[in-house]
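For reference, the chains in residue letters:
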Amino acid sequence: MSFRDQVVERLQSHFTVPRSTRLAPRVPFLGAFFFSRLAPFPAADFILFQRHGQTHRRTRIIALVGYSANATRASNSVARFLVAQGYRVIPVNPGLAGQTALGETVVASLADIPSDVEIDMVDIFRRSEDVPPVVEDALAHLPHLKTIWMQLGIVNEAAADQAHAKGIEVVMNRCPAIEIPRLAA
């Protein structure tokens, strides 16, 4: 067993890992593990980005709930990053509905996304307590949904259980703008 695997094994025994997450069995390099604040790697991000080398094939269209037009906000920079990576991002914000952002028309809610747009992932920039209605809306109106992603600091086990019950992958307390470059390395 390599030194890296021994460290990962020891850390697994010392951290409580939520049921929807796990530690990666092999970390690309030890520094990535420590720079990720010793947090567990969610299983869904590996499924989303690394299943059999299908880096960008599973997810193509993302609904970003809580999009902000303010360029200094995290939701804006993450949305721009995802567009730069080749994803189509549909901004969702009731206060900006009807405006154009990222080459798309901002919609007020997930229910307002046209039915011909097959959303693969919902990226949530809302407080943890505001997540259940977003997940319910996503499950009710997005039949092709594969993943629900809750941003850094956002964890809601009840909403995750609801999504898991429908066969949807859930990632909590992670940011795709951090995970995509790390997993692509």
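Keep in mind the model is a prediction, meaning the values are calculated, not measured.

A. Inspection of unusual backbone geometry at higher detail. A positive phi angle, close to 60°, is found at Leu-102, a residue other than glycine. Among the secondary structure elements, Leu-102 is positioned in the loop between β3 (100-101) and β4 (104-105). Phi is positive for Asn-173, which is not a glycine, with a value near 55°. With respect to the helices and strands, Asn-173 occurs in the loop between β7 (169-171) and α7 (176-184). Note on Asn-173: relative accessible area 33%, which makes it partly exposed.

B. Summary view of the sheet that holds β7. Judged by pairing direction, the sheet is parallel, and its five strands sit side by side in the order β2-β1-β5-β6-β7 without closing on themselves. The outermost strands of the open sheet, each flanked by one partner alone, are β2 (88-92) and β7. Neighbour to neighbour, the strand axes of the sheet diverge by 20° on average, direction disregarded. Relative to strand β5 (residues 121-124), strand β1 (residues 61-65) runs parallel, the two sharing four bridges. Within β5, the residue paired with Ile-62 across the bridge is Met-121. Each of β1, β5 and β6 (147-150) is contacted by helix α5 (residues 131-141), which is oriented at about 165° to β5, the strand it contacts most.

C. Spotlight on the packing of α5 against helix α6 (residues 157-165). Contact geometry of α5 with α6 gives a least axis separation of 9 Å together with a crossing angle of 15°. Put simply, α5 runs roughly parallel to α6. The chirality of how α5 crosses α6 is right-handed. Counting all contacts with α5, which are made through Val-131, Pro-132, Val-135, Glu-136 and Leu-139, the residues of α6 involved are Ala-159, Gln-162 and Ala-163.

D. The layout of surface pockets, seen in detail. Quantified by volume, the largest pocket comes out at close to 220 Å³. What lines the largest pocket is a set of 14 residues, and nearest its centre among them are Val-65, Val-92, Pro-94, Ala-108 and Arg-126. Tallying contributions element by element places α5 first for the lining of the largest pocket, with three residues. When grouped by side-chain class, the residues that make up the lining of the largest pocket number nine nonpolar, three polar and two charged.

How each quantity is defined
- Residues numbered from 1 in each chain as written.
- Predicted model: local features only at pLDDT ≥ 70, side-chain atom pairs only at ≥ 80, totals over all residues.
- Heavy atoms only, no water.
- Helix = DSSP H or I, 4+ residues; strand = E, 2+ residues; numbered from the N terminus.
- Buried < 20%, exposed > 50% of the residue type's maximum accessible area, 1.4 Å probe, protein only.
- Pairing = 2+ DSSP bridges.
- Axes fitted to C-alpha atoms, helices over the stretch in contact; angles between N-to-C directions.
- Contact = heavy atoms within 4.5 Å.
- Parallel < 35°, antiparallel > 145°, perpendicular 65-115°, else oblique.
- Left-handed = near helix turned anticlockwise from the far one by under 90°.
- 1 Å grid on protein atoms, 1.4 Å probe; cavity = no way out; pocket = protein on both sides within 12 Å on 5 of 7 lines; lining within 4 Å.
- Points joined across faces, edges and corners; volume = space filled by probe spheres on them.
- Nonpolar A, V, L, I, M, F, W, Y, C, P; charged D, E, K, R; others polar.

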